[in-house]
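Spelled out, the chains give:
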Amino acid sequence: MRNSTEHDRQSRAEFRRSRRRRRGQLLGAGLSVLVLVVAGASGAAADAGGNMVVTEDDTVIDGAVVNGYILVKADRVTIRNSVVRYGGAHAVRVFPGAEGTLIETSRVECRAPQTNGIAFGNYTARDVHVTGCRQGFLHSPAAPATIVGSTWNGEQVDAEVGAAAPQVPGSVPKDRVSAPGGASGEPRTEADAPAEQGEAAAGPAVAAMPGPSNTGVPDGTQLRRSGPLDLTRNGQVINGLDIVGCVTVSAANVVIRNSRISCDGRYSIRTFNTARNLVVESSEIDGRGGNEAAVCCGNYTLRRVEIRNVIDGPRLGDNVLIEDSWIHHLTRRPGSHNDTLQTTGATRIVVRNNRLDAYNPNTRDPMNACLMIGSTTAPLVADLLYEGNYCNGGNYSIGVRADLKARDLVFRNNTFGRDHRYGVIQKPGQAGLRWDRSSNTYADNRQPVAR
């Protein structure tokens, strides 16, 4: 560690030997022990459950057995010769703004199938072996990682990503963020999308780019296990459930909040003709790789919802509002044409201030579209507002089918990544579609999207 005298090094070496002897004695008695060597006594704080939060620059965690998560909120943090075992959202999580994280010669063991190994970028992993995790090494062009000599469930994972990508517009610096309460598995104390240190883009300001800290089940929520639900009572409120199975709704004014839905059936949430004004907020949908669509089909609102592991995200029928939500890590199936959002004919749709990641950074697959629009099942798509969103991926990020009949489709103040195959919008001159060229821009240079 930095600024150590020879005496200090010898003292710490003796301390480590002593701690290892005590650890061996305790492990022999069936106890697990947290062993830390840290630079700075206040650099890493562990709670009674073994969870660790690193807040001091240049902290070194060496030889630790951590039965909990590690949150990195400081620069130049090193984790080496350690084992992390966790069953929550993310075993090791590097927060936005934390630079120079190094994880080496270590193991990450996930204790639950929904747990991710290392998230969400801005780290180097060298000789790190991740097992049992839903995703091993999460990163993106906006929050890159360098992964060398490492494995996920025994398979080699190497990614020399290089320098950080440009910031994504649509957010404000983290020291000025006042994000809604809650998080997906970890504390929400600051903005937490891969690019939330950039200045706000032109157009409507949002509190924070949707991502792991401000979508999904709020931190600290105690979820109660539930099976599939058939919601038939008007005004019914579902709160704080871990729903293993699919949900059907045939009543009016139903609310689902602070809940997780894990369903590999056709739809995680299905609204029937008698459903009106369903609201789903601060919740998660995990399609387990099997959902044909996360939500189908109309008369619903999604707010601060995280959707993942689905073939398609929500289907947009009549009377749909989706805002402040995050759709990511779509699952490719043979013959699938994956879209984060899709409508095949509907009216009164608002898609506002969402993060739509059609591009899957793990497989480097851009999928089909962030938004696919067509008139396949109805004669018209009308009164659609798409504004303030960040979209990355797709053959075309905005796919416009040849069968589209459109009226009053408005696209404004959106930003786009470059991980598409052909371009941002397939037919910007489509009749009935108004594409605001000046405010629909690329995320990296703020220049208007020509196509």
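Just above sits the structure.
About the criteria used
- Residues numbered from 1 in each chain as written.
- Predicted model: local features only at pLDDT ≥ 70, side-chain atom pairs only at ≥ 80, totals over all residues.
- Heavy atoms only, no water.
- Helix = DSSP H or I, 4+ residues; strand = E, 2+ residues; numbered from the N terminus.
- Buried < 20%, exposed > 50% of the residue type's maximum accessible area, 1.4 Å probe, protein only.
- Contact = heavy atoms within 4.5 Å.
- Areas by Shrake-Rupley, 256 points an atom, 1.4 Å probe, with all protein chains shown as cover.
- Salt bridge = Lys/Arg side-chain N within 4 Å of Asp/Glu carboxyl O.
- Pairing = 2+ DSSP bridges.
- Axes fitted to C-alpha atoms, helices over the stretch in contact; angles between N-to-C directions.
- Disulfide = S-S within 2.5 Å.
- Polar contact = N/O pair within 3.5 Å; in protein donor to acceptor, adjacent residues only side chain to side chain.
- Phe/Tyr/Trp six-rings, centres within 6.5 Å; stacked < 30°, edge-to-face > 60°.
- Lys NZ or Arg CZ within 6 Å of the ring centre and 35° of its normal.
- Core = buried A, V, L, I, M, F, W, Y, C linked by side-chain atoms within 4.5 Å.

J.: So what's going on with the overall build of the protein? Residues and values would help.
T.: The helix and strand inventory of the protein stands at one helix and 40 strands. Burial analysis of the protein (451 residues in total) assigns 59% to the buried set. Residue pairs in contact within the protein that sit at least 24 positions apart in sequence constitute 52% of those at least 6 positions apart. Put simply, the protein shows about 17,900 Å² of open surface, and 48% of that area lies on carbon and sulfur atoms.

J.: I'd like a rundown of the pattern of salt bridges, residues and numbers included.
T.: Considering all chains together, one arrives at 28 salt bridges under this definition. When the shortest N-O distance is used, the salt bridge between Asp312 and Arg315 registers 3.2 Å. A salt bridge links Arg407 to Asp383; its shortest N-O distance comes to 3.3 Å. Here Asp383 lies in strand E33 (residues 381–387) and Arg407 lies in strand E36 (residues 406–412), a separation of 24 residues in the sequence. Judged by its relative accessible area of 43%, Arg407 is partly exposed.

J.: Mind laying out the sheet that holds strand E29 (residues 339–343), listing which residues take part and the relevant values?
T.: Pairing is parallel across the open sheet formed by four strands, whose spatial order is E29-E32-E35-E38. Two strands close off the open sheet at either side, each with one partner strand: E29 and strand E38 (423–425). Direction aside, the axes of adjacent strands within the sheet are offset by 20° on average.

J.: Let's hear about the state of the cysteines: which residues, and what values?
T.: Under the criterion given, the structure shown has four disulfides. In this model Cys296 forms its disulfide with Cys297; the gap between the sulfur atoms is 1.5 Å. If the cysteines joined by disulfides in the protein are listed in sequence order, their pairing comes out as 1-2, 3-4, 5-6, 7-8.

J.: Lay out the side chain of Asn368 in plain terms, naming residues and giving numbers.
T.: Checked against the element boundaries, Asn368 lands in the loop between strand E31 (355–357) and strand E32 (369–373). Looking at Asn368, its side chain comes within polar contact range of the side chain of Asp339, at 2.8 Å.

J.: Requested: an account of the side chain of Arg134, with residues and values cited.
T.: Looking at the secondary structure, you find Arg134 in the loop between strand E11 (123–131) and strand E12 (145–152). Separated by 3.3 Å, the side chain of Arg134 and the backbone oxygen of Gln114 make a polar contact.

J.: Describe the packing of aromatic side chains, listing the residues and the values that go with them.
T.: Both the distance between ring centres and the angle between the ring planes are used here to describe each pair of aromatic rings. Inspection of every chain in the model, using the stated rule, returns six aromatic pairs. When the centroid spacing of 5.7 Å and the interplanar angle of 40° are considered together, the rings of Phe411 and Trp435 count as tilted. Note that Phe411 is positioned in strand E36 and Trp435 in strand E39 (residues 433–435), a separation of 24 residues in sequence. Across the pair, Trp435 and Phe411 agree in class, each one buried. Put simply, the rings of Tyr386, Phe411, Phe416 and Trp435 pair up and form one aromatic cluster. Against the face of Phe95 rests Lys73, its NZ or CZ located 4.6 Å from the ring centre. For Arg93, the ring lying beneath its charged end belongs to Phe95, and the centroid distance is 4.4 Å.

J.: With reference to specific residues and values, describe the pairing of strand E30 (residues 346–352).
T.: Along a regular strand, successive side chains alternate from one face of the sheet to the other. Sheet topology note: the strand E27 (residues 320–323)/E30 ladder contains four bridges and is parallel. Residue Glu323 lies in a different strand from E30, and its bridge partner there is Arg352. Across six bridges, the pairing between E30 and E33 is parallel. For Arg352, the partnering residue across the bridge sits in E33 and is Glu387.

J.: Can you explain the sheet that holds strand E19 (residues 255–257)? Please cite residues and give values.
T.: Here nine strands make up an open sheet; going across it, the order is E16-E19-E22-E25-E27-E30-E33-E36-E39 and the pairing parallel. Where the open sheet ends on each side, the last strands, each with one partner, are strand E16 (237–239) and E39. Taking each pair of neighbouring strands and ignoring which way they run, the sheet shows an average axis angle of 5°.

J.: Lay out the nonpolar core in plain terms, naming residues and giving numbers.
T.: Ranked by internal contacts, the top residues of the largest apolar core, which has 56 residues, are Val247, Leu316, Tyr386, Ile398, Leu409, Phe411 and Trp435. Residue contacts for Ile398: discarding those within four places in its chain leaves Leu371, Ile373, Tyr386, Phe411, Phe416, Val424, Ile425, Gln426 and Trp435. Counting 32 residues, the second largest nonpolar core, distinct from the first, contains Val54, Ala64, Tyr69 and Ile70.

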